[in-house]
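Structural overview for review
Letter by letter, the chains look like this.
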Amino acid sequence: VTFAYAAVGFHYFRKDFGHYCQDSVIVCTQNIVYQSTRNGIVGLSSMMEKVMPGDDMWTMRVVYDVSFFVVTGIMLLNTVVALIVDSFSHQRRGADARETNQETETFIS
């Protein structure tokens, strides 16, 4: 996913990325992974030049930035939360099974 955003950014927004994406798509990918994890929810916008609504590339940048936020910020975060919830539900089912076992079976030593 990050490589696809780096490839699009390297092709269309290289000057906006400045020194982050000058060399190659691989370096751009590495910088996006590193900077987006450091900057948290802000993502790509902290790495790129600021654009205003009157600029030519404003619409493309809004789509690029918002889609990166949606894909990485929301979808990946929801995946992590879903894994945590699934883990807790698995533990709850195990505890319920142990409790049912203790209530319905007799242990003779």
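Source: prediction; values computed, not measured.

**Observations concerning the overall build of the protein**
On a plain count of helices and strands, the protein comes out with four helices and zero strands. For the protein, the α and β elements follow one another from N to C terminus as α-α-α-α. Oriented by its inertia axes, the alpha-carbon framework of the protein measures out at about 80 × 30 × 20 Å. For the protein, long-range pairs separated by at least 24 residues make up 50% of all intrachain contacts whose partners lie at least 6 apart in sequence. Summed over its atoms, the accessible surface of the protein is roughly 8,100 Å², and 61% of this surface lies on carbon and sulfur atoms. For the protein, the centre of its 8 positive side-chain charges and the centre of its 11 negative side-chain charges are spaced 6 Å apart.

**A word on the packing of aromatic side chains**
What the rule picks out here adds up to four aromatic pairs. Between Y5 and F68, the ring centres sit 5.2 Å apart and the planes meet at 85 degrees, which makes this aromatic pair edge-to-face. With a gap of 63 residues between them, Y5 in helix 1 (residues 2-12) and F68 in helix 4 (residues 58-104) connect regions that are remote in the sequence. The pair Y5 / F68 is uniform in exposure class, with both members buried. Centre to centre, the rings of F17 and Y64 are 6.5 Å apart; their planes meet at 85 degrees, and the pair counts as edge-to-face. One end of the pair, F17, is in helix 2 (residues 14-17); the other, Y64, is in helix 4, and 47 residues separate them in sequence. Under the relative-accessibility criterion, F17 is labelled buried at 1%. Under the relative-accessibility criterion, Y64 is labelled buried at 4%. Taken together, the ring pairs connect Y5, F13, F17, Y64 and F68 into an aromatic cluster.

**Some thoughts on the environment of Y34**
Checked against the element boundaries, Y34 lands in helix 3 (residues 25-39). Each C-alpha atom of the pair Y34 and Q102 lies 50 Å from the other, and the pair is 68 residues apart in sequence.

**A look at the environment of T104**
Along the chain, the position of T104 falls in helix 4. Residue classification places T104 among the exposed residues on the basis of a relative accessible area of 57%. Separated by 2.7 Å, the side chain of T104 and the backbone oxygen of T100 make a polar contact.

**Side note on the environment of S36**
Mapped onto the elements, S36 comes out in helix 3. According to the relative accessible area criterion, S36 is buried, its value standing at 15%. Each C-alpha atom of the pair S36 and G18 lies 15 Å from the other, and the pair is 18 residues apart in sequence. The contacts of S36, once residues within four sequence positions are left out, are N31, G43 and F68.

Basis of the calculations
- Here the residue numbers are simple positions, counted from 1 along each chain's written sequence.
- Reporting in this predicted model follows two pLDDT cut-offs: at least 70 for local features of residues, and 80 or more for side-chain atom pairs to be given and counted; totals over whole chains, interfaces and linings ignore these cut-offs and use all residues.
- To obtain the side-chain values, all non-hydrogen atoms of the structure were used and water was disregarded.
- Secondary structure elements follow DSSP: runs of H or I of four or more residues count as helices, runs of E of two or more count as strands, with numbering from the N terminus.
- Residue contacts are defined here by distance: any two heavy atoms, one from each residue, within 4.5 Å place the two residues in contact.
- Every accessible area reported is derived by Shrake-Rupley at a probe size of 1.4 Å, with residue values counting cover from the shown protein chains alone.
- In this tally, Lys and Arg are treated as positive and Asp and Glu as negative; His is ignored, and so are the chain termini.
- Just so you know, the charge point we use is NZ for Lys, CZ for Arg, CG for Asp and CD for Glu.
- Side-chain rings of Phe, Tyr and Trp (the six-membered ring for Trp) are treated as a pair once their centres are within 6.5 Å; stacked means planes under 30 degrees apart, edge-to-face means over 60, and tilted covers the remaining angles.
- Only protein chains enter the area calculation, which uses a 1.4 Å probe; residues under 20% of their type maximum are buried, those over 50% are exposed, and those in between are partly exposed.
- Any N or O atom pair separated by 3.5 Å or less is treated as a polar contact, with the protein-specific requirement of one donor-capable and one acceptor-capable atom, and with residues adjacent in sequence counted only for side-chain atom pairs.

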